[in-house]
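So the chains spell out like this:
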Amino acid sequence: MGSPSGFEFAVRGDEVVIRHHGTTAAVLRGARAEEFLVDVEHGDAQLLMARLTGNYRRGNERTARQHPRNAR
């Protein structure tokens, strides 16, 4: 599985705007924005932004696709 890419963030006042390939994916405000700024200093920024925006593959997609309930 590849690592997430294409994310960037910008701080606007007390907001953090997260973009994915130039499109706004999330806007964090207040305590969540502050927590993000602290976490991004200590970890993988791309992975953190992918998780916050929900654009994160969990690795179980192939297993779910092969389940009899999902077979076509």
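What counts, and where the lines are drawn
- Residues numbered from 1 in each chain as written.
- Predicted model: local features only at pLDDT ≥ 70, side-chain atom pairs only at ≥ 80, totals over all residues.
- Heavy atoms only, no water.
- Helix = DSSP H or I, 4+ residues; strand = E, 2+ residues; numbered from the N terminus.
- Buried < 20%, exposed > 50% of the residue type's maximum accessible area, 1.4 Å probe, protein only.
- Contact = heavy atoms within 4.5 Å.
- Areas by Shrake-Rupley, 256 points an atom, 1.4 Å probe, with all protein chains shown as cover.
- Salt bridge = Lys/Arg side-chain N within 4 Å of Asp/Glu carboxyl O.
- Core = buried A, V, L, I, M, F, W, Y, C linked by side-chain atoms within 4.5 Å.
- Pairing = 2+ DSSP bridges.

(A) Highlighting the overall build of the protein chain. Secondary structure assignment for the protein chain yields three helices and three strands. Going from the N terminus to the C terminus, the protein chain shows its helices and strands as β-β-β-α-α-α. With 72 residues in all, the protein chain has 17% of them scored as buried. Relative to all contacts within the protein chain whose residues are 6 or more apart in sequence, the contacts with residues 24 or more apart total 34%. Total accessible area computed for the protein chain in this model is approximately 5500 Å², and 46% of it derives from carbon and sulfur atoms.

(B) Focus on the pattern of salt bridges. Under the definition given, this model contains two salt bridges. With a shortest N-O distance of 3.2 Å, Arg12 and Glu15 are connected by a salt bridge. Residue Arg12 is classed as partly exposed on the basis of its relative accessible area of 48%. Glu15 sits in the buried class, given a relative accessible area of 17%. Here Glu15 makes a salt bridge to Arg29, at a shortest N to O gap of 2.9 Å. Placement of Glu15 in strand S2 (residues 15–20) and of Arg29 in strand S3 (residues 23–29) is noted, with a sequence separation of 14 residues between them. Residue classification places Arg29 among the exposed residues on the basis of a relative accessible area of 52%. Residues participating in the shared-partner salt-bridge network are Arg12, Glu15 and Arg29.

(C) Representation of the nonpolar core within the structure. If you look at the biggest cluster of nonpolar residues, it comprises 10 residues: Phe7, Val16, Ile18, Ala26, Leu28, Ala33, Phe36, Val40, Met49 and Ala50. Of all the secondary structure elements, the ones that give two or more residues to this core are S2, S3, helix H1 (30–42) and helix H2 (45–53). With residues up to four places along the chain from it excluded, the contact list for Phe36 reads Phe9, Val16, Ile18, Leu28, Leu48, Met49 and Leu52.

(D) Inspection of the pairing of S3 at higher detail. In this structure, S2 lies alongside S3, joined through six bridges in antiparallel fashion. Its bridge partner being in S3, His20 is matched across the sheet by Thr23. Hairpin connection between S2 and S3: a loop of two residues separates the two successive antiparallel strands, and His21 in this loop has a positive phi of roughly 55°.

(E) Fine view of unusual backbone geometry. In this structure, His21 is a non-glycine residue whose phi angle is positive, near 55°. Checked against the element boundaries, His21 lands in the loop between S2 and S3. Given a relative accessible area of 60%, His21 falls into the exposed group.

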